Amino acid sequence: MKKILVPTAFSPNSKTGIKFAIQFAKQIKAKLVFLYVADVIKPTSWSEERFKTYSKEMAQKHDVTIKKFVSQVCNEKQILKDAEYKIELSYNTPKSIMETAQNKKVSFICMSTRGAGKIKKLWGTNASEVITNSPIPVIVIPQRYTVAPIKSIFFACDFAALNKEMKIVQDLANSVKSKLKVFHYDYLLHVPENLKKLDKQADKFRAKSTSFVIKRKEMEFSLAEHLAGDIKKDKPSLVVLFTKQNRNLFDRLISPSEASEMSFHLKVPLLTYKKI
C-alpha cells in the first residue's frame, strides 16, 4: 500500500498540508505517516543516561501532542485509525524528514509552506531543502490553498525523458481520475522540423484525458516565469515538475532553487520528482 509522509510543526500553517494529504490519500488509496521533528540537542553537561531519559520523555510528550493535533484537523476516523505517527528528536529537520521517508518507504512527502522572507530565502527553508535533496517526490502545499480533489494536472516537461516521465505522471493522473495537460517550452519552435518532431512525440500520449500545449520559449523570460503565467491562466489542481538535483545549467528542466522559489508563490500544490 502507498504511504504519504506528512511532516507537521503543530502550526496553523501545517493544517493545510494535513488536509491536502488526507484528500490525496483518499484519492490514491494511501496510508498516512505523520511526523514531528523536535529540535533537541544534548547539553554538554548532561550524561548520556540523563539525555536518554529526557529524550524518551520528550518523545512521549510529542506523541500525545501530534495525535491530538491531527485529530483536531481531521475528522476522518478511518484515516486516523490507519495512520502512523513518528517522533524524531533532531536538530536537522530536513534530514530527519528525508531519512524517515526512506525508512518508511513512502511514495510522497507532503509539506506545507507559508513562503519566506528575504533572510529565510537566503538560508533556505525546510521545504526548499527537501525539494532540493529528496529522492522521494515532494508535494508542497501553499498556506492559503483551499483543499479540493485533484481534477486537473499541469505537467511541465522538457521531452528529454518523455516516455518515462509520462508513464509516471499518467499513472498519477489515472489514479486520481484527473485530466492531464502537458506544457512544453522550446526556443526553436519557429523551425517547422522541430515542431513536427515534438508533435510526433506528443501524439504517442495524446488521449481523451491527456493534451499537450507546445509553446515558444521567449529569451527574456525564465522558465519559471513562463510556468507562472500559464499556471495562473490554466488554474490546475496540481502542478508537476521533474527537477535536476544538480546545478548544471545546461542539463535540467528546472533547478531545485527555481522549484523552491515557485513553491513560495504558487497558489496550488506543487509536486516535484527527481529528474530521470
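Everything below is about the structure printed above this text.
Since this is a predicted model, take the numbers as computed values, not measurements.

Undergrad: What exactly am I supposed to notice about the sheet that holds strand β5 (residues 138-142) here?
TA: Strand pairing in a sheet is mediated by backbone hydrogen bonds. Such pairs are either parallel or antiparallel. In spatial order, the strands read β3-β2-β1-β4-β5-β10-β9-β6-β7-β8; together these 10 strands make up an open sheet with mixed pairing. The open sheet is flanked by β3 (84-89) and β8 (210-216), the only strands paired with a single partner. Adjacent strand axes in the sheet meet at a mean angle of 25 degrees, parallel and antiparallel pairs treated alike. Where β5 meets strand β10 (residues 270-274), three bridges bridge the pair, whose relative direction is antiparallel. Bridging from a neighbouring strand, I139 pairs with L271 of β10. Sheet contacts for helix α2 (residues 48-73): β2 (31-38) and β3; angle to β3, the most-contacted strand, approximately 140 degrees. Against the sheet, helix α8 (residues 192-203) engages β7 (179-186) and β8, with an angle of about 165 degrees to β8.

Undergrad: Could you clarify how one ought to interpret the pairing of strand β9 (residues 238-243) in this entry?
TA: A regular strand places its side chains on the two faces of the sheet in alternate fashion. For β9, the buried fraction is high: six of the six residues fall into the buried class. Where burial is concerned, the two faces of β9 agree: the one with L238, V240 and F242 and the one with V239, L241 and T243 are both buried. Across three bridges, the pairing between strand β6 (residues 152-156) and β9 is parallel. The residue bridging F154 from the neighbouring strand is V239, located in β9. Looking at chain direction, β9 and β10 are connected through five bridges and run parallel. Bridged to V239 within β10 is L270.

Undergrad: Help me understand the pattern of salt bridges, please; the structure alone is not making it clear to me.
TA: When their charged atoms lie close together, side chains carrying opposite charge are able to pair. Under the counting rule described, the total for this entry stands at 13 salt bridges. Across the salt bridge formed by K275 and E165, the nearest N and O atoms sit 2.7 Å from each other. One end of the pair, K275, is in the segment after β10; the other, E165, is in helix α7 (residues 162-175), and 110 residues separate them in sequence. Like E165, K275 is buried. Residue D171 pairs with K167 through a salt bridge whose shortest N-O separation is 3.0 Å. Taken together, the residues span about one helical turn, with D171 and K167 both in helix α7 at a distance of four residues.

Quick notes on the rules
- Residues numbered from 1 in each chain as written.
- Predicted model: local features only at pLDDT ≥ 70, side-chain atom pairs only at ≥ 80, totals over all residues.
- Heavy atoms only, no water.
- Pairing = 2+ DSSP bridges.
- Helix = DSSP H or I, 4+ residues; strand = E, 2+ residues; numbered from the N terminus.
- Axes fitted to C-alpha atoms, helices over the stretch in contact; angles between N-to-C directions.
- Contact = heavy atoms within 4.5 Å.
- Buried < 20%, exposed > 50% of the residue type's maximum accessible area, 1.4 Å probe, protein only.
- Salt bridge = Lys/Arg side-chain N within 4 Å of Asp/Glu carboxyl O.

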